[in-house]
Amino acid sequence: MDPIRLVIFDVAGTIIEDHGEVLNAFSQALERNGITFTETELREWKGASKREVIHHFVKRQFGEDFRSREKIEATYVDFRSLLENHYRERGVSPIPGAHSTFLWLRERNIEIATTTGFYRELNDLILDQAGWREMFRASISSSDVAQGRPAPDMILRAMETTGIADPAQVINVGDTPLDLQAGTNAGVRGVIGVLTGVHGRERLQREPHTHILSSVADLPSLVEKEYS
């Protein structure tokens, strides 16, 4: 079988440490706008397009009319403000070993890319703060495609951008059930979960996958063993 030519990484919880910033921003924004939810529900939506998450909870509670659209927009504005302020004030912390993994892959002429449920401006802010803006051949946000996860759109866009057409030459790595679902829906060869996000091994193992790793730091040894 052909060697791997592209590895696609999720961002928060996969290559950037997740200390609950996203879920906290969702919780505060939803509460401010009188929208009901549970923390368990929010965790299951981790990795999805942020606007789609808010749309789901608003539509469930208020239906679909002009007032709901106004509430979606107001909640989304609050969410963006809360999260952007957090990252600007506190910065980001790369997952230990992530940078070394990127360099290892690039030294072997394996393209690397990111996909994220964040919108473009926030994704750029995070990558800038990590010093990784020029690291990846493609950085695809949910705002760049028609559908966020679990649809495969972001993975397919990353493949198109990097010129890798064969899914058998692609690995997708993420920390959420939606990451694993998106990788499966894209038909890529490697669908890899990592345990550095909010979901544990038991939850990730319930989704179709090829491997579960402790973190992206373990990826080079796996690629050498299973995909060379």
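Residues numbered from 1 in each chain as written. Predicted model: local features only at pLDDT ≥ 70, side-chain atom pairs only at ≥ 80, totals over all residues. Heavy atoms only, no water.

(A) A look at the sheet that holds strand β5 (residues 190-194). Taken in spatial order, the six strands line up as β3-β2-β1-β4-β5-β6 in an open sheet, and their pairing is parallel. On the outer flanks of this sheet lie β3 (138-141) and β6 (211-213), each paired with one strand and no other. Between one strand and the next, the sheet's axes are offset by a mean angle of 20°, whatever the strand orientation. Sheet contacts for helix α7 (residues 153-162): β1 (6-10), β2 (111-116), β3 and β4 (170-174); angle to β3, the most-contacted strand, approximately 155°. Helix α10 (residues 219-226) contacts β1, β4, β5 and β6 of the sheet and is inclined by roughly 150° relative to β6. (Pairing = 2+ DSSP bridges. Helix = DSSP H or I, 4+ residues; strand = E, 2+ residues; numbered from the N terminus. Axes fitted to C-alpha atoms, helices over the stretch in contact; angles between N-to-C directions. Contact = heavy atoms within 4.5 Å.)

(B) Examining empty space enclosed by the protein more closely. One pass over the structure, following the stated rule, counts two cavities of 30 Å³ or more. Its volume calculated, the largest cavity comes out at about 60 Å³. A volume near 40 Å³ is recorded for the second largest cavity. Per-element accounting of the lining of the second largest cavity gives the leading share, three residues, to α7. (1 Å grid on protein atoms, 1.4 Å probe; cavity = no way out; pocket = protein on both sides within 12 Å on 5 of 7 lines; lining within 4 Å. Points joined across faces, edges and corners; volume = space filled by probe spheres on them.)

(C) Just the packing of helix α1 (residues 21-32) against helix α3 (residues 50-62), in detail. Interaxial distance between α1 and α3 falls to 12 Å at its minimum, and their mutual angle equals 40°. The orientation of α1 with respect to α3, classified from their angle, is oblique. The two elements α1 and α3 meet at a crossing, and its hand is right-handed. For the pair formed by α1 and α3, the contact residues are V22, F26 and L30 on the first element and K50, V53, I54 and F57 on the second. Tallied by class, residues from the contact of α1 with α3 come to six nonpolar, no polar and one charged. (Parallel < 35°, antiparallel > 145°, perpendicular 65-115°, else oblique. Left-handed = near helix turned anticlockwise from the far one by under 90°. Nonpolar A, V, L, I, M, F, W, Y, C, P; charged D, E, K, R; others polar.)

(D) Structural view of the nonpolar core. F9, I15, W132 and L219 are the most contacted members of the largest nonpolar core, which totals 56 residues. Residues L6, A158, M159 and I164 belong to the second largest nonpolar core, which totals 19 residues. (Core = buried A, V, L, I, M, F, W, Y, C linked by side-chain atoms within 4.5 Å. Buried < 20%, exposed > 50% of the residue type's maximum accessible area, 1.4 Å probe, protein only.)

(E) Representation of helix α5 (residues 98-107) within the structure. All buried positions along α5 are accounted for by A98, T101, F102, W104 and L105. The buried residues of α5 occupy an angular sector of 165° when the element is viewed end-on, so they sit on one face. Opposite the buried face of α5, by more than 90 degrees, sit the exposed residues S100 and E107. Packing partners of the buried residues in α5 comprise β1, β2 and α10. Once α5 finishes, N109 follows within two positions and takes phi at roughly 60°, a positive value. (Arc of directions from axis to C-beta.)

(F) Highlighting the packing of aromatic side chains. By the definition in use, this model includes seven aromatic pairs. A centroid spacing of 5.0 Å and a plane angle of 75° characterise the contact between F102 and F136, whose relative ring orientation is edge-to-face. With a gap of 34 residues between them, F102 in helix α5 and F136 in the loop between α6 (120-130) and β3 connect regions that are remote in the sequence. As far as the burial class goes, F102 and F136 line up, both buried. For the ring pair W132 and F136, a centre distance of 6.4 Å and an interplane angle of 90° mean the geometry is edge-to-face. Across the pair, exposure class does not vary: W132 and F136 are buried alike. Here a set of aromatic residues connected by ring pairs shows up, and it is made of F9, F102, W132 and F136. (Phe/Tyr/Trp six-rings, centres within 6.5 Å; stacked < 30°, edge-to-face > 60°.)

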